[in-house]
Amino acid sequence: MFVPNKSVNWILIAGIVGVVAIASFWLFKCKFCRGPKIERTLAIIKPDAVAAGNSGKIIDKIEQSGFKIVGMKKIDLTKEKAEVFYAVHKEKPFFNDLVQFMISGSVVVLILEKESAIQAWRDLMGATDPQKADNESLRKTFGTDLTKNAVHGSDSEESAKIEITKMFPDLMQ
Ligand code: CMP
């Protein structure tokens, strides 16, 4: 609001510019100067790895890689739960085989926490196809093929939230 007195106008303008500058600084700081981002991701040790007695070795790798295990349980998925969990792949030709495989034996589901946990867990897992995965990765070490690939991990922050809620409905994130 401008008043007839010119010096008051300048004080008002300087005040507005100052407030905008401080707000911009804090917005910028929030976006670019934040500390490391601690994330949570959902991990599954699949039926092939559990049946082969490899879950202990995989959990050991998880801990050695600096993940905090926030939740963990061994469960038998129902067909309905596996279908809902992998609903994004419903139209894919491998969907039925994937669901059948996921209910073929027990799985271990985990919530992992770490800085940039989603990408870090994906890196530790390796490529979806064990044949193409890096030598040190879990899928290269414990997986067999595209279906029996030992482990699963969320692929984004959004899917991590959805998947954690599906597997641990009783836990608040
Ligand atoms: P996962 O990380 O659990 O996410 C979806 C799963 O679908 C994937 O691991 C594989 O096990 C499986 N999958 C992905 N692509 C294929 C494919 N081309 N053929 C068979 N299974 C696949």
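Everything discussed here concerns the structure shown above.
Residues numbered from 1 in each chain as written. Predicted model: local features only at pLDDT ≥ 70, side-chain atom pairs only at ≥ 80, totals over all residues. Heavy atoms only, no water.

Trainee: Mind laying out the site of the ligand, listing which residues take part and the relevant values?
Mentor: The ligand sits among Lys46, Tyr86, His89, Phe94, Leu98, Thr128, Arg139, Leu146, Thr147, Asn149 and His152. Contact between the ligand and Lys46: an oxygen atom at 2.7 Å from a side-chain N or O atom of the residue. Note that an oxygen atom of the ligand is positioned 3.0 Å from one of the side-chain N or O atoms of Arg139. Look at the ligand: alone it shows 450 Å² of surface, and the protein chains cover 78% of it. Here the shell around the ligand is composed, by residue class, of four nonpolar, five polar and two charged. (Near = heavy atom within 4 Å. Polar contact = N/O pair within 3.5 Å; in protein donor to acceptor, adjacent residues only side chain to side chain. Areas by Shrake-Rupley, 256 points an atom, 1.4 Å probe, with all protein chains shown as cover. Nonpolar A, V, L, I, M, F, W, Y, C, P; charged D, E, K, R; others polar.)

Trainee: Describe in detail the nonpolar core, supporting the description with residues and values.
Mentor: Membership of the largest hydrophobic core comes to 20 residues, with the highest contact counts inside it found for Ile45, Ile58, Phe67, Leu110 and Trp121. Per element, the largest residue contribution to this core is five residues, and it comes from helix H6 (residues 117–125). Ignoring any residue separated from it by four or fewer positions in sequence, one finds Ile58 in contact with Ile45, Ala49, Leu138, Phe142 and Val151. Ala82, Val109, Ile111 and Met167 belong to the second largest nonpolar core, which has 18 residues in total. (Core = buried A, V, L, I, M, F, W, Y, C linked by side-chain atoms within 4.5 Å. Buried < 20%, exposed > 50% of the residue type's maximum accessible area, 1.4 Å probe, protein only. Helix = DSSP H or I, 4+ residues; strand = E, 2+ residues; numbered from the N terminus. Contact = heavy atoms within 4.5 Å.)

Trainee: Describe the environment of Phe101, and please don't skip the residues or the numbers.
Mentor: Of note, Phe101 is situated in helix H5 (residues 95–102). Using a relative accessible area of 9% as the deciding quantity, one classes Phe101 as buried. Separated by 19 residues in the primary sequence, Phe101 and Ala82 have C-alpha atoms spaced 9.5 Å apart. Phe101 has contacts with Lys46, Pro47, Asp48, Thr147 and Lys148, leaving out every residue within four places of it along the chain.

Trainee: Tell me what's going on with the side chain of Lys46, and back it up with residues and numbers.
Mentor: Among the structural elements, Lys46 can be located in the loop between strand E1 (38–45) and helix H2 (47–51). Beyond its immediate chain neighbours, meaning those up to four positions away, Lys46 contacts Tyr86, Phe101, Met102, Ser106, Val107, Thr147, Asn149, Ala150, Val151 and His152.

Trainee: Give me H5: which residues, what numbers.
Mentor: Restricting attention to buried positions, one finds in H5 the residues Phe95, Leu98, Val99, Phe101 and Met102. Looking down the long axis of H5, one finds its buried residues gathered within 160° of arc, a one-sided arrangement. Across from the buried face of H5, at angles greater than 90 degrees, the exposed residues are Asn96 and Asp97. If you follow the buried residues of H5, they end up packed against E1, H2, helix H4 (79–85) and strand E3 (107–115). (Arc of directions from axis to C-beta.)

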